[in-house]
Amino acid sequence: MKALVLYGKKDVRVTTDFPEPPLGPDSVKIAVSYCGLCGTDLHKYEGQSGSHPVTYPVPLGHEASGIVTEVGENVRDFQPGDRVTANPNWYCKSCYFCKNGQNHLCLHGRGVVKGFAEYICPPQENVHKLPDHLPLKYAALAEPLSCCIHGMDLLDLKMGQTVAVIGFGSIGAIFVQLCKLAGASNIIVIETQESKKELAASLGATLFLNPARTDVSEEIRAAGIPNVDRVIECVGLSATMESALEIAGRGAVVVLFGLGAPDSSFAFRQYDAFQKELVVKTSYINPDCTERAVALLASGGIELKPLISGVLTLEEMAEELVTRELFKKGKVLAEIAKEA
Ligand SMILES: [Zn+2]
Ligand SMILES: [Zn+2]
């Protein structure tokens, strides 16, 4: 089959003879329509791990939507022609964590969606049906949205609170909308690309601050905001993680959502955090959030069109992994088979 395959660090090629994944008795064969490019794909391209370790050669991509073409003999709930998306994270169901309601921390978890390819064959428990009115193009965003829903669960935002979103890429743009839906009073976007200001405002941001130009804390005070109650960091750099803790107000919850490089670290001022009694969390993948993500997409409650910066062929996607021109602007999708 045709696939965009990672053969090693910075070695990515489109091939037409990558072996199709085998259809097991409990799996569902899906002809991929769309698959999104994720920051973790770029990490893998750079030779680092994503959510799970990488074994070469492997097609990149895990944010896929498509149409069922065949099902294994034990599969009851899917049939050819079903429009679906798939959660890429498979859990063993028998380790300590799986048995304690923390399946995403599974000791034997692995990725079962390699979506920059013509076919994927995830186990049926990873496959989710889509309502007819939800375009497959948008359904490819169910995976990043499900990760953001987990981030929101951890953020524990209360109605009327003030939240700061650091970084306004496609993930930041999803969080702004989720925070608005969840009833935040002030949504402060902190982002250096000022061209994103208008979009941020249209999606729900009430204040847009460029840290390269202004003193963020000063501006927040000047806007009459009494406290930054919640902070969500969507960049993953040491500097932005440090500023997340700095911007956080008293009693704040900070979610470090952006994925840092494996060897990076940042300065943690315990005394400052102590004085504010900060709660600092990280957010890992998307435990049981895919159904909610699909439901939210289907509700039309999230604006997706302005988040998509490009729809590419696999060949173009190979280029994009190097240049990242469209990735910097938003979510980039590979179109493997156009929806009829
Ligand atoms: Zn992703
Ligand atoms: Zn497990």
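Here is what the cut-offs are and how they apply
- Residues numbered from 1 in each chain as written.
- Chains lettered and ligands numbered in written order.
- Predicted model: local features only at pLDDT ≥ 70, side-chain atom pairs only at ≥ 80, totals over all residues.
- Heavy atoms only, no water.
- Helix = DSSP H or I, 4+ residues; strand = E, 2+ residues; numbered from the N terminus.
- Rg over C-alpha atoms; globule rule 2.2 N^0.38 Å.
- Buried < 20%, exposed > 50% of the residue type's maximum accessible area, 1.4 Å probe, protein only.
- Areas by Shrake-Rupley, 256 points an atom, 1.4 Å probe, with all protein chains shown as cover.
- Lys, Arg positive; Asp, Glu negative; His and termini not counted.
- Charge placed at Lys NZ, Arg CZ, Asp CG, Glu CD.
- Domains from an automatic or database assignment.
- Contact = heavy atoms within 4.5 Å.
- Buried area = accessible area lost by both parts, 1.4 Å probe.
- Salt bridge = Lys/Arg side-chain N within 4 Å of Asp/Glu carboxyl O.
- Polar contact = N/O pair within 3.5 Å; in protein donor to acceptor, adjacent residues only side chain to side chain.
- Pairing = 2+ DSSP bridges.
- Phe/Tyr/Trp six-rings, centres within 6.5 Å; stacked < 30°, edge-to-face > 60°.
- Lys NZ or Arg CZ within 6 Å of the ring centre and 35° of its normal.

With that settled, consider the overall build of the protein. When helices and strands are tallied, the protein shows 10 helices and 18 strands. Taking 20 Å as the expected radius of gyration for a compact globule of 340 residues, we find that the protein reaches 20 Å, a close match to that expectation. Within the span of the protein, comprising 340 residues, buried residues form 52% of the whole. When the accessible surface of the protein is split by element, carbon and sulfur atoms take 51% of a total near 15,600 Å². The positive charge centre, built from 32 side chains, and the negative charge centre, built from 40, are 2 Å apart in the protein.

One can read the domain layout of the protein as domain 1 (3–141 + 304–335) and domain 2 (148–282). For domain 1 versus domain 2, the separation of C-alpha centres amounts to 29 Å. Contacts between domain 1 and domain 2 engage nine residues on the former and 13 residues on the latter. Buried area between domain 1 and domain 2, summed over both chains or domains, comes out near 800 Å², and the portion from carbon and sulfur atoms is 69%. Together, His43, Pro306 and Leu307 form the three largest contributors to the area buried by domain 1 at its contact with domain 2, with a combined 46%. Connecting domain 1 to domain 2 are zero salt bridges. Joining domain 1 to domain 2, the criterion identifies one residue pair in polar contact (both at pLDDT 80 or more).

Bringing the sheet that holds strand 4 (residues 58–59) into the picture now. Ordered in space as 2-1-4, the three strands form an open sheet in which the pairing is antiparallel. Pairing within the sheet leaves two strands with one partner each, and these edge strands are strand 2 (11–15) and strand 4.

The final tally for this structure, using the stated rule, is three aromatic pairs. Pairing Tyr96 with Phe97 gives two aromatic rings, centres 5.1 Å apart and planes at 85 degrees, and the pair type is edge-to-face. For Phe97, a relative accessible area of 23% puts it in the partly exposed group. Ring geometry for Phe175 against Phe257: centres 4.9 Å apart, planes inclined by 80 degrees, an arrangement best described as edge-to-face. You can see Phe175 sitting in helix 4 (residues 170–181) and its partner Phe257 sitting in the loop between strand 15 (253–256) and helix 8 (270–276), a full 82 residues away along the chain. Across the pair, exposure class does not vary: Phe175 and Phe257 are buried alike. Over the ring of Tyr7 we find Arg13, and its NZ or CZ is 4.0 Å from the ring centre. The ring of Phe78 carries Lys129 above its face, with NZ or CZ at 5.5 Å from the centroid.

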